[in-house]
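Listed here are the chains, written in short residue letters.
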Amino acid sequence: MTLSPARVPGTGPGSGPAVRRLTATLYGYAFLDDFVLLYPVYALLFSDTGLTVWQISSLFCLWSLTGVLLEIPSGAWADAVSRRLLLWFGPLLTAAGFTLWVLAPSYWAFAIGFVLWGAKGALGSGALEALVYEELDRLGAADRYAAVMGRARAAGLVAVMAAIPLAGPVYAFGGYPAVGLASVLACLLTAATATRFPEHREPADGPGEGLGEGPEVAPGGGWTRTLRAGLAEARGNRSVRGALLLVPAVTAVWGALDEYTPLLVRDTGVAESAVPNWLLLIWAGATVGGLLAGAGRRLGTGGFAGLLAVSAVALAAGAWVRTPAGIGLVALSFCGFQLASVLADARLQDRIGGTGRATLTSVAGVGTDLTTIAVYGAYGVIGSATTHGAAFALFAVPYLVTAALLAAVGKRAVGKRAAGKRAAGKKAARAARTSGSRARP
């Protein structure tokens, strides 16, 4: 027996409260999940505790490795049990990690906290996208997925931009314990919000045994069964494989470069105190990109390729000039990359036809994580040998390559459609001639 959503008859994209409840819960969850005051100061906490640069870097590697190892198993688990349950449990793990950081700051406490944080990210990755897509599909509003997820990502970025200026006063009031307490409260509120997600998942072999609003475990194999089913769909469906590869190709590079934007901004010559303001401009660009996802969904393959190409050129030009004005072009590029990331995810969700939606989304997440780690390593080498502006410009090249490949794919698809139309026309003409010859006495 497998799990799949049951479509509600008589509902559509504009059908009232059910869609509104889902989207309101999603936006609140996305905001609270990123409204963590520890984000802008946790590196300072590590340094003030006495950690070396090597130790801090090892923590980041441990964080990424945890996500890579748990991503696919947790996605398969989300397909086998309640996705809402995982979205509730994940923030509680992060809350426990943050509590440990501020109560017993040490290398091993930070390491455990990052493992818990990485586990939380793995639990939510795949589960959130699958839940939202299938609930929208059930309500006849699957075509709104890109717009909805774009706004959710924008809500998360707004939370980050709100947490940055708020962290300073809270730290001045109560130090790291106060910042940690506020972060733990945000995690607890995120978990509470997750309980508001609707989840209707029924067996694929018919109604009458549905989940309704509650969680259920798929019998007959558990998460290993859903893992095999999801991977089998990827092997047997070429369009799904292409969509799986597109997600990390679009998402990973600019996601990794985001960690180095403070260094890029500082290299333009602005004062240290002004760096956060320029970073807000870059994050504002990414926020706008998320909000444009609804309109961007109409882009075909050629338009998607053009979006990547324009964003890559803006990134290279803005970084290369090494002036504050160039940061505006970098913000424009992040706007385009955020939009492309949401659209790549939407394309993947549209192509998944089986029950392993969270599994396959997690496979794409693993690809993104591994590519991101590779970018971190490559940037360490390139950034040490040249300026940050030159390094950013060089990392625009992968996007130009991806855009060229997509343009070629789109051109072939147009050619196949044109050939199909010509063949259909010839067939219709032959049928008309045959019919006419039979009609003559």
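In this text the structure is predicted, and so the values were computed from the model without any measurement. (Residues numbered from 1 in each chain as written. Predicted model: local features only at pLDDT ≥ 70, side-chain atom pairs only at ≥ 80, totals over all residues. Heavy atoms only, no water.)

### As for the overall build of the protein chain
To keep things clear, this is the line we draw: Secondary structure counts use DSSP, requiring at least four H or I residues in a row for a helix and at least two E residues in a row for a strand, with both numbered from the N terminus. Here the term buried applies to any residue with accessible area under 20% of the maximum for its type, exposed to any over 50%, and partly exposed to those in between, with areas from a 1.4 Å probe on protein chains only. Computed with a 1.4 Å probe, the accessible areas rest on the Shrake-Rupley method; for each residue, only the protein chains presented here act as cover.
Each helix and strand in the protein chain was counted, giving 17 helices and 2 strands. Within the protein chain, buried positions represent 48% of all 441 residues. Surface accessibility of the protein chain: about 19,400 Å² in total, with carbon and sulfur atoms responsible for 68%.

### Focus on the packing of aromatic side chains
The criterion, for reference: Two aromatic rings from Phe, Tyr or Trp, using only the six-membered ring of Trp, form a pair when their centres are within 6.5 Å; if the ring planes differ by under 30 degrees the pair is stacked, by over 60 it is edge-to-face, and anything between is tilted.
In the structure shown here, the tally under the stated rule is 28 aromatic pairs. The interplanar angle of 20° and the centroid separation of 3.9 Å between the aromatic rings of Tyr 260 and Tyr 379 together place this pair among those described as stacked. Of this pair, Tyr 260 sits in the loop between α9 (238-257) and α10 (261-266) while Tyr 379 sits in helix α15 (residues 357-385), and the two are 119 residues apart along the sequence. Accessibility assignment for this pair places Tyr 260 and Tyr 379 in one class, buried. For the ring pair Tyr 379 and Phe 392, a centre distance of 6.0 Å and an interplane angle of 90° mean the geometry is edge-to-face. Linking Tyr 379 in helix α15 with Phe 392 in helix α16 (residues 388-394), this pair joins segments that are 13 residues apart in sequence. Here Tyr 379 and Phe 392 have matching classes, each one buried.

### Here we look at the side chain of Thr 261
Formally: By definition in these notes, contact holds between two residues if any of their heavy atoms fall within 4.5 Å.
Locating Thr 261 in the fold gives a position in helix α10. For Thr 261, a relative accessible area of 1% gives the class buried. Here Thr 261 is in contact with Leu 279, Ile 282, Phe 334 and Phe 392, once residues within four sequence places are set aside.

### Details of the environment of Arg 322
You can see Arg 322 is positioned in the loop between α13 (301-321) and α14 (324-351). By relative accessible area, Arg 322 is classed as partly exposed at 39%. Taking the C-alpha atoms as reference points, Arg 322 and Asp 267, 55 residues apart in sequence, are found 6.8 Å from one another. In this structure, Arg 322 is in contact with Asp 267, Thr 268, Thr 387 and Gly 389, ignoring residues within four places of it in sequence.

### As for a nonpolar patch on the surface
Note the cut-off: For patch detection, residues must exceed 30% relative accessible area and be free of salt bridges, and they are connected within 9 Å for like charges or within 5 Å for nonpolar side chains (Val, Leu, Ile, Met, Phe, Trp, Tyr). The working definition used for a salt bridge is a side-chain nitrogen of Lys or Arg within 4 Å of a carboxyl oxygen of Asp or Glu.
A surface patch of nonpolar side chains, amounting to about 350 Å² of accessible area, comprises Leu 394, Val 397, Val 401 and Leu 405. Counting residues per element, the nonpolar patch draws most heavily on helix α17 (residues 397-439), which supplies 3 residues. Val 401 sits in the partly exposed class, given a relative accessible area of 46%.

### Section: the packing of α13 against α14
Stated precisely, the cut-off is as follows: Only the stretch in contact is used when fitting a helix axis, every axis being a line fitted to C-alpha atoms; angles between N-to-C directions are given from 0 to 180 degrees. If an angle is under 35 degrees, it is roughly parallel; if it is over 145, roughly antiparallel; if it lies from 65 to 115, roughly perpendicular; otherwise it is oblique. Note: crossing handedness is left-handed where the near helix turns anticlockwise from the far helix by less than a right angle, and right-handed where it turns clockwise. Just so you know the grouping, Ala, Val, Leu, Ile, Met, Phe, Trp, Tyr, Cys and Pro go in nonpolar, Asp, Glu, Lys and Arg go in charged, and all remaining residues, Gly too, go in polar.
Packing of α13 against α14 brings their axes to within 8 Å, and their N-to-C directions diverge by 150°. If you check the angle between α13 and α14, you find them roughly antiparallel. The two elements α13 and α14 cross, and the hand of that crossing is left-handed. Split by residue class, the contact of α13 with α14 holds 19 nonpolar, 6 polar and 1 charged.

### Section: the environment of Ala 111
Tracing the backbone through its elements, the reader meets Ala 111 in helix α5 (residues 107-124). Linking Ala 111 and Gln 55, residues 56 residues apart in sequence, is a C-alpha distance of 9.8 Å. Those residues in contact with Ala 111 that sit more than four places away from it in its chain are Leu 59 and Leu 62.

### Quick notes on the pattern of salt bridges
Applying the stated rule across the entire model yields 3 salt bridges. With its nearest N and O atoms 2.7 Å apart, the salt bridge here joins Asp 33 to Lys 120. On the criterion of sequence distance, the pair formed by Asp 33 in helix α1 (residues 16-34) and Lys 120 in helix α5 is long-range, its members being 87 residues apart. For Lys 120, a relative accessible area of 12% translates into the label buried.

### Considerations on the environment of Ala 30
Within the element layout of this structure, Ala 30 appears in helix α1. Setting aside its immediate chain neighbours within four residues, Ala 30 contacts Ala 152, Ala 155 and Gly 156.

### Details of empty space enclosed by the protein
Where we set the bar: Definitions used for this entry: grid spacing 1 Å over protein atoms alone; cavity, a set of points where a 1.4 Å probe fits but cannot get out; pocket, an open set with protein on both sides within 12 Å along at least 5 of 7 lines; lining residue, one with an atom within 4 Å of a point. Grid points are joined across faces, edges and corners, and a volume is the space filled by probe spheres set on the points.
Evaluated as defined, the whole model comprises 2 cavities of 30 Å³ or more. As for the largest cavity, its lining consists of Asp 33, Val 36, Tyr 39, Thr 94, Phe 98, Trp 117, Lys 120 and Cys 187. Elements supplying a minimum of two residues to the lining of the largest cavity: α4 (83-103) and α5. Split into classes, the residues belonging to the lining of the largest cavity amount to 5 nonpolar, 1 polar and 2 charged.

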